[in-house]
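# Working through the structure, step by step
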Amino acid sequence: MNRFRNWGLKNAVGVACGMVTLAASLLPAASIAQGFPSKPIRIVVPFPAGGTTDVVVRLVAQRMSESLGQPALVENRGGAGGSLGADVVKELVAPLQKDRALK
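What you are looking at is a predicted structure, and each value in this text was computed from that prediction instead of being measured.

Attention now moves to the nonpolar core. By size, the foremost hydrophobic cluster in this structure holds nine residues: Ile41, Ile43, Val45, Phe47, Val57, Ala61, Met64, Ala72 and Val74. Of all the secondary structure elements, the ones that give two or more residues to this core are strand 1 (41–45), helix 3 (52–68) and strand 2 (72–76). When neighbours within four sequence positions are excluded, valine 74 is seen to be in contact with Ile43, Val45, Asp54, Val57, Arg58 and Ala61.

So, on to the side chain of glutamate 75. Position of glutamate 75 relative to the elements: it lies in strand 2. A polar contact of 2.7 Å, which involves the side chain of glutamate 75, links it to the side chain of arginine 42.

One ladder, built from five bridges, connects strand 1 with strand 2; its direction is parallel. Residue pairing for strand 2: isoleucine 41 is matched across the bridge by alanine 72. Handedness of the crossover joining strand 1 and strand 2 through helix 3: right-handed.

Rules behind the numbers
Residues numbered from 1 in each chain as written. Predicted model: local features only at pLDDT ≥ 70, side-chain atom pairs only at ≥ 80, totals over all residues. Heavy atoms only, no water. Core = buried A, V, L, I, M, F, W, Y, C linked by side-chain atoms within 4.5 Å. Buried < 20%, exposed > 50% of the residue type's maximum accessible area, 1.4 Å probe, protein only. Helix = DSSP H or I, 4+ residues; strand = E, 2+ residues; numbered from the N terminus. Contact = heavy atoms within 4.5 Å. Polar contact = N/O pair within 3.5 Å; in protein donor to acceptor, adjacent residues only side chain to side chain. Pairing = 2+ DSSP bridges. Right-handed = clockwise from strand over helix to strand, strands pointing away.

Put into structure tokens, the structure is as follows:
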């Protein structure tokens, strides 16, 4: 029973991080004016490949790719309790926030 105690929390955190990444990709107003999405969508999963979180995010990415007409790339950055994946997202969002601050 103890083996499954943290399993739900890890998956919830992984799915939440994936959704935060998706939401961050929707932020720039300029991309909406140009016909969103104009570039491939990058989804960062903060857990190793092959887990439940990875499988769920890849299924969501496939549906997103079909409905939006752009490839959705899933990148697994497991390690350090999700901190490595969060750092990748932070680096991706920083230039977008800088551009918004200048406008």
